[in-house]
Amino acid sequence: MKNNLVLIILLSIIFVACEQPSVSIDTFDEVCEIVAYDSIYSDEDVLDIITHIGIHNDILIAKYMRDEYNFSFIDATNGKLLKRWGKVGEGPGEFIDFGGDFFIQDSCFVFVERNKQMINSVSLTDILGDSSTINVVKEPYPYTVDFRPFRFRFLDNQTIATGSFKEGRFGILDSNNNIVGCYFDYPFAYDEINGIYRGATFQGEIMTNNKQGKFVISTFASDIFEIYQVSDSGVYKKFVTPYKNAPLICQRRGRYAIDYDKSIAGLMKMAVSDDLICFTYSSLNYTEAAAMDKVSREILCFNWEGEKVKKYILPFPIGNFCIDEHYIYGIRYFDDKTVIYRFDLYS
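Residue numbers here run from 1 along each chain, matching the order of that chain's written sequence. Given that the model is predicted, a residue must reach a pLDDT of at least 70 before its local features are reported, and side-chain atom pairs must reach 80 or more before they are shown or counted; all residues, however, enter totals for whole chains, interfaces and linings. The basis for every side-chain value is the complete set of heavy atoms in the structure, and neither hydrogens nor water enter the calculation.

Asker: It is not clear to me how the environment of Gly330 should be interpreted in this structure. Could you clarify?
Answerer: Relative to the helices and strands, Gly330 is located in strand 28 (residues 327–333). Classification of Gly330 as buried rests on a relative accessible area of 0%. Note: C-alpha distance between Gly330 and Glu33 (297 residues apart in sequence) is 15 Å. By definition, residues are in contact when any of their heavy atoms lie within 4.5 Å. Dropping the residues within four chain positions of it, Gly330 is found in contact with Ile318, Asn320, Phe321, Val339, Ile340, Tyr341 and Phe343. Strands are runs of DSSP state E lasting at least two residues, helices are runs of H or I lasting at least four, and both sets are numbered from the N terminus onward. Only protein chains enter the area calculation, which uses a 1.4 Å probe; residues under 20% of their type maximum are buried, those over 50% are exposed, and those in between are partly exposed.

Take a look at the structure:
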């Protein structure tokens, strides 16, 4: 009888534990609903989608999808347009393409020409100056049948790349642009998709924290991100989110692809500072969120240990965004203009 009672108690504990709802990635102890904000820049001349935005030393940089100039450089303190720059072409000062995003490294503006397999670095001072000639440092990168990098970041004399690789979650190039073996796998498993095809299916963003020697990789159509540490002795995985909304797959025309109707939109746009990793978030499925241009009022903020810090609720939805130590800068589209808004992180 006593043994039966113990068994009943144990089964009850297990049942209650199984019935406990798991904590969602968007459940935070600290939630801040922002009501005050500033409009710092309104672009009524360029009615084009901003595909990426960043900030460096109070200079906002916006990348456009199809405009005559690929980039606008804006003074975030007064909203003044400083420069429009970056023409597609093969003439002097022109480039075949400008890749998917950009980043700032040691006060240099860095972007990729994919068609030439070239990483270009340009001094921000040169871009914003009056000189008609701009010095561009060009560095070719390897691109092979087994190593197909897509997005790049520099960290501790290495280049970290996401893309499609025969082995590993990401790729590493040393200071001489040699491919370094790196075999970290994806934080979810699909036996149906192997090798080079995983990177083509499961995509996301990568950003770095040079101050802490870390980088973060997010996965689209999921609530999953990973944090890695780079040191003299190698690369180490520091954190992976415990949430389990991995991207779901289906077959289309004999190939596997993301099932956007069944996968969560989850973590959409990512932005980082020295202290925070932030995401716009949606609990809708990916198809529903895409129909709304993947905008969101929710921004989830974590520290570089992966710990939850704060959730911000904005007064209206934004698309692309970036952050610095003090503000969130978000993009909002209207029929006749594009507006960049600024929200105080510590309001």
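The structure having been displayed, the exposition proceeds.
Asker: Help me understand unusual backbone geometry, please; the structure alone is not making it clear to me.
Answerer: Negative phi is the rule for most residues except glycine; trans is the rule for most peptide bonds. The residue Gln117 is not glycine, and still its phi comes out positive at about 50 degrees. Note on placement: Gln117 falls in the loop between strand 10 (108–113) and strand 11 (118–123). Since its relative accessible area comes to 29%, Gln117 is described here as partly exposed. Residues other than glycine seldom take positive phi values, yet Asn157 does so here, at roughly 60 degrees.

Asker: Got a minute to help me understand the pattern of salt bridges in this structure?
Answerer: For salt bridges, the criterion is a side-chain nitrogen of Lys or Arg within 4 Å of an Asp or Glu carboxyl oxygen. Scanning all chains against the criterion turns up 12 salt bridges. Put simply, Lys310 and Glu30 hold a salt bridge, and the shortest N to O gap is 3.4 Å. Taken together, the residues Lys310 in strand 26 (residues 308–318) and Glu30 in the loop between helix 1 (2–19) and strand 1 (31–33) connect sequence positions 280 residues apart. We classify Lys310 as buried; its relative accessible area is 12%. On the accessibility criterion, Glu30 (43% relative accessible area) is partly exposed. The partner of Arg198 in a salt bridge is Asp185, and the shortest N-O contact between them spans 2.7 Å. Of this pair, Arg198 sits in helix 3 (residues 196–201) while Asp185 is found in the loop between strand 16 (179–180) and helix 3, placing the two residues 13 residues apart along the sequence. The exposure class assigned to Asp185 is partly exposed, which follows from its relative accessible area of 45%. Each of Asp101, Arg151 and Arg153 takes part in a single network of salt bridges with overlapping partners.

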